[in-house]
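Next come the chains, spelled out residue by residue.
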Amino acid sequence: MPHPLKHRWSLANNYLGGITLDRWLALLRENRISPAYWHRAAFVTAAAALNSAAARRERRTDDAVRATEIESPPIFILGHWRSGTTHLHNLIARDRRFAFPNTYQVINPLTFLTTEAANTRRFARLLPAKRPMDDVAMGFGEPQEDEFAPCLMTLRSLYLGVSFPRNAGYERYLTFDGVPPEEVGEWKAALLWFCRKLTYAGGGRPLVLKSPAHTARIRLLLDLFPGARFVHIHRHPHDVFRSTRHYFDTAVWFTYLQKPDRSVIDDQIIRLYRALHDAFHAQRDLIPAGQFHELSFAELESDPLGAVRRTYEALDLPDFDAFRPDLAAYLASLKGYRKNRFKALEPRIVERLAAEWRTEFDLWGYDPCGDRA
């Protein structure tokens, strides 16, 4: 029997709600929508028409954005999906000396300067209180990964493969290896423009950004921001695999526009993990001394204040003690947080990960036969 289509009728939690009409039509020329999701396509089409009108109005701010200097290079939080990047981003974003992209801004990159105040009130009910895949709070004002912004601006992102799982061509935008130079240039220009808009909106404060996909793009990020600082977080590969599998069975269902082939998801997780880390290992030495720090999720979980302090010290960030009270208050607010609990992995998967992810088990000291370091 075919796999039931979860959340088929939902229109919420769909990042394509912020796309403009020209880009949406370009996606439709590349991809066929499954009839089961025609209602979603209709919703995106209507939203795209409104977004295009808003984007035309927002162009009045272009001169001000263009004149905005990014005086302090961003901090990039790196790490595979489900490795703790969101938690770390949420912690550092509580330092009010930094600015960060929020959920509304990343899904409305061409319109947020002129629409955010009104639309975050108007459409607040479209977002659930918690993320579909875990107990992390959601909201238009919460920190969010910036990958969605250049995705919607250029259509150069592997995230489009989540909406269109039958189109494997989007995976090349994880590393951008073999991608034509003009497409790489478009993506870099879009990310830079988005960062200028965030800097303009944030009053010139330094940006703290997070996108797991950036883990494979250190070279491109250094081209844009030679002084950028990087924090990399890693987690036991078994935990990453189980949590990523759970993500594909929860959040991803809200964004499908094509019927997925669920039988290939394990292969996809293993393949992308390998591609991301191969690129990361090959490029991390490009980062100048003093601009890189690495930590484990277990370290962050067991001693969050100490882990963040060590990050600040390693990267020469502003005085941690001035930030400590706000960070401690935020951590206290998380005391009721409940982590997902998953069954042990099947022996065949344990054996496969031990072979195909051997580099990461060895590099970070994780036991390939168990779930903890």
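Just above sits the structure.
Presented here is an overview of the structure given in this document. The structure displayed is predicted, hence computed values, not measured ones.

So, on to the overall build of the chain. Helices and strands together make up the secondary structure of the chain, namely 17 helices and four strands. Over its C-alpha trace the chain gives a radius of gyration of 20 Å, about what one expects of a compact globule, namely 21 Å for 373 residues. For the C-alpha atoms alone, the extent of the chain along its principal axes is close to 55 × 50 × 45 Å. Buried residues in the chain amount to 55% of all 373 residues.

A separate point is the pairing of strand S1 (residues 75-78). Successive residues of a regular strand alternate their side chains across the two faces of the sheet. In S1, alternate side chains face the same way, and those of Ile75 and Ile77 on one face and Phe76 and Leu78 on the other are all buried. The sheet contact formed by S1 and strand S2 (residues 208-210) spans three bridges and is parallel. Note on S2: the bridge partner recorded for Ile75 is Val208. Looking at chain direction, S1 and strand S3 (residues 229-234) are connected through four bridges and run parallel. Considered in S3, the bridge of Ile77 is made with Val231.

For the rest of this paragraph, the subject is the pattern of salt bridges. In the structure shown here, the tally under the stated rule is 28 salt bridges. Between Glu58 and Lys197 there is a salt bridge, and its shortest N-O distance comes to 2.6 Å. Taken together, the positions of Glu58 in helix H2 (residues 38-58) and Lys197 in helix H9 (residues 181-201) put the pair 139 residues apart, joining distant regions of the chain. Residue Glu58 shares its accessibility class with Lys197, and that shared class is buried. As a salt-bridge pair, Arg96 and Asp326 come within 2.5 Å of each other at their nearest N and O atoms. Placement of the pair is Arg96 in the loop between helix H4 (85-93) and helix H5 (103-107) and Asp326 in helix H15 (residues 320-333), with a sequence separation of 230 residues. The exposure class assigned to Asp326 is partly exposed, which follows from its relative accessible area of 29%. In the salt-bridge network here, residues are joined through shared partners; they are Arg245, Asp266, Glu346 and Arg348.

Now for the environment of Glu313. Within the secondary structure layout, Glu313 lies in helix H14 (residues 304-315). C-alpha of Glu313 to C-alpha of Cys369: the two residues are 56 residues apart in sequence and 34 Å apart in space.

Leu16, Ile19, Trp24 and Leu27 are the most contacted members of the largest nonpolar core, which totals 82 residues. Top contributing element to this core by residue count: helix H12 (residues 265-283), with eight residues. Leave out the neighbours within four places in its chain, and Trp24 touches Leu16, Ile19, Ile33, Ala41, Val44, Thr45, Ala48, Phe164 and Leu257. If you look at the next biggest cluster of nonpolar residues, it comprises 22 residues, including Ile77, Phe297, Phe323 and Tyr330.

This next bit is on the sheet that holds S2. Reading across the sheet, the four strands line up as S2-S1-S3-S4 and stay open at both edges, with parallel pairing between neighbours. A strand with exactly one partner marks an edge of an open sheet, and here the two such strands are S2 and strand S4 (292-296). Averaged over all pairs of adjacent strands, the angle between their axes in this sheet comes to 20 degrees, without regard to strand direction. In terms of strand pairing, S3 meets S4 through five bridges, oriented parallel. Bridge pairing in S4 places Val231 opposite His293. Here H4 sits on the sheet in contact with S1, S2, S3 and S4, set at roughly 170 degrees to S2. In the packing of H14 onto the sheet, the strands contacted are S3 and S4, and the crossing angle to S4 comes to about 165 degrees.

Moving on: H4. Among the nine residues that make up H4, eight are buried, leaving the element largely enclosed by the rest of the structure. For H4, the complete set of buried residues consists of Thr85, Thr86, Leu88, His89, Asn90, Leu91, Ile92 and Ala93.

Attention shifts here to unusual backbone geometry. Backbone geometry at Asn13 places phi at a positive 60 degrees, although glycine is not the residue there. Secondary-structure assignment places Asn13 in the segment before helix H1 (21-30). In this structure, Leu155 is a non-glycine residue whose phi angle is positive, near 65 degrees. Secondary-structure assignment places Leu155 in the loop between helix H7 (148-154) and helix H8 (160-163).

Per the stated rule, a full pass over the model turns up 18 aromatic pairs. Taking 5.6 Å as the distance between ring centres and 80 degrees as the angle between the ring planes, the aromatic pair formed by Tyr104 and Phe140 counts as edge-to-face. Of this pair, Tyr104 sits in helix H5 while Phe140 sits in the loop between helix H6 (112-122) and H7, placing them 36 residues apart in sequence. With 6.2 Å between their ring centres and 85 degrees between their planes, Phe320 and Phe323 make a pair best called edge-to-face. With Phe320 and Phe323 both in helix H15 and three residues apart, this pair spans about one turn of that helix. Its relative accessible area of 5% is what places Phe320 among the buried residues. Among the aromatic residues, those joined into a ring-pair cluster are Tyr15, Trp81, Phe148 and Tyr159.

Cut-offs applied
Residues numbered from 1 in each chain as written. Predicted model: local features only at pLDDT ≥ 70, side-chain atom pairs only at ≥ 80, totals over all residues. Heavy atoms only, no water. Helix = DSSP H or I, 4+ residues; strand = E, 2+ residues; numbered from the N terminus. Rg over C-alpha atoms; globule rule 2.2 N^0.38 Å. Buried < 20%, exposed > 50% of the residue type's maximum accessible area, 1.4 Å probe, protein only. Pairing = 2+ DSSP bridges. Salt bridge = Lys/Arg side-chain N within 4 Å of Asp/Glu carboxyl O. Core = buried A, V, L, I, M, F, W, Y, C linked by side-chain atoms within 4.5 Å. Contact = heavy atoms within 4.5 Å. Axes fitted to C-alpha atoms, helices over the stretch in contact; angles between N-to-C directions. Phe/Tyr/Trp six-rings, centres within 6.5 Å; stacked < 30°, edge-to-face > 60°.

Distances and angles like these do not, on their own, reveal function.
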